[in-house]
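Structure at a glance
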Amino acid sequence: MVRAARRRGPPFPGNARPDIEGREERSARPPRARAAGQAGFTLIELMVVLVILGLLAGLVGPRLFGRVDASKVQTAETQIKMFRGALQAYRLDVGRYPSTSEGLAALIRAPAESTEFWNGPYLEDEVPPDPWNTPYLYEHPADNLQGFALYSLGADSERGGEGVDAEVGYLPVE
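Residues numbered from 1 in each chain as written. Predicted model: local features only at pLDDT ≥ 70, side-chain atom pairs only at ≥ 80, totals over all residues. Heavy atoms only, no water.

**Concerning the sheet that holds strand E3 (residues 137-139)**
The criterion, for reference: By definition, two strands form a pair when at least two bridges between them are found by DSSP. Secondary structure elements follow DSSP: runs of H or I no shorter than four residues count as helices, runs of E no shorter than two count as strands, and numbering proceeds from the N terminus. Each axis is a line fitted through C-alpha atoms, taken for helices only over the stretch in contact, and angles between the N-to-C directions span 0 to 180 degrees.
If you trace the three strands from one edge of the open sheet to the other, you get E3-E4-E5, paired in antiparallel fashion. Looking at strand neighbours, the two that pair on one side only are E3 and strand E5 (168-170), the edges of this open sheet. Going from strand to strand, the sheet's axes swing by 5 degrees on average, the running direction of each strand aside. Sheet topology note: the strand E4 (residues 149-152)/E5 ladder contains three bridges and is antiparallel. What sits directly across from Ser152, in E5, is Val168.

**Considerations on the pattern of salt bridges**
Two side chains of opposite charge can pair, provided their charged atoms sit close to one another. In plain terms, the rule: Here a salt bridge means any side-chain nitrogen of Lys or Arg lying within 4 Å of a carboxyl oxygen belonging to Asp or Glu. We call a residue buried when its accessible area falls under 20% of the maximum for its residue type, exposed when it is over 50%, and partly exposed in between, using a 1.4 Å probe and counting protein chains only.
Throughout the structure, instances matching the rule amount to two salt bridges. Between Arg96 and Glu102 there is a salt bridge, with its nearest N and O atoms 3.1 Å apart. In this structure, the salt-bridge partner of Glu126 is Arg109, at a minimum N-O distance of 3.1 Å. Of this pair, Glu126 sits in the loop between helix H1 (43-94) and E3 while Arg109 sits in the loop between H1 and E3, and the two are 17 residues apart along the sequence. Note on Arg109: relative accessible area 48%, which makes it partly exposed.

**Here's the deal with the packing of aromatic side chains**
So the rule is basically this: For Phe, Tyr and Trp, rings pair up if their centres lie within 6.5 Å, where Trp contributes its six-membered ring, and each pair is then called stacked (planes under 30 degrees apart), edge-to-face (over 60) or tilted (otherwise).
On inspection of all chains with the given rule, the structure shows six aromatic pairs. Ring centres of Phe83 and Tyr136 lie 5.3 Å apart, and the angle between their planes is 80 degrees; on these two criteria the pair is classed as edge-to-face. Of this pair, Phe83 sits in helix H1 while Tyr136 sits in the loop between H1 and E3, and the two are 53 residues apart along the sequence. When the ring of Tyr97 is compared with that of Phe148, the centres are 4.8 Å apart and the planes differ by 65 degrees; the resulting orientation is edge-to-face. Taken as a pair, Tyr97 in the loop between H1 and E3 and Phe148 in the loop between E3 and E4 lie far apart in primary sequence, 51 residues in all. Residue class for Tyr97 comes out buried when judged on its relative accessible area of 10%. Given a relative accessible area of 0%, Phe148 falls into the buried group. What links up through ring pairs into an aromatic cluster is the set Tyr97, Tyr138, Phe148 and Tyr170.

**Overview of a nonpolar patch on the surface**
Spelled out, the test is: For patch building, the residue pool is restricted to those with more than 30% relative accessible area and no salt bridge; the joining distance is 9 Å between like charges and 5 Å between nonpolar side chains (Val, Leu, Ile, Met, Phe, Trp, Tyr). All accessible-area figures derive from a Shrake-Rupley calculation using a 1.4 Å probe, and residue coverage is judged against the displayed protein chains alone.
Together, Leu43, Ile44, Met47, Val48, Val49, Leu50, Ile52, Leu53 and Leu56 give the surface a local cluster of nonpolar side chains, amounting to about 910 Å² of exposed area. One can find Leu56 in helix H1. The partly exposed category is assigned to Leu56, whose relative accessible area is 48%.

Here is the structure:
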């Protein structure tokens, strides 16, 4: 039996090709998924992309993480202003600020000697720690314009410091 030359044209599904009499001829080779000009990414191309992404992360990452500290300072300032408003509402109801021993807990639960005029709670939730996970410091009386001291010690949790390590809030005058 003489076979005719194969037709050129679009490929047929799988690796089956019809011969002259319409029967399918199977080749021993598996089908190719793509033509030679349509290959995927090479390992070198992927490595180049990963190196570029690494460089971008190295340049942009530190700038973004540097802003995290500044946002913690802003969060502490905002929370202290919220506490100040609650303390002023407490003072309007009770007639005085909570003592140092009563602390900010007096904004949540009525102190023993102030229950008659206490109209709280003055905060919706418990008093949160500062953004550096240490408690806010409260003192009354204090020699400053507010009449009380309410502050955070900053990132280093120690008195003094500069930048993010400085105290945030209404500090006592020393």
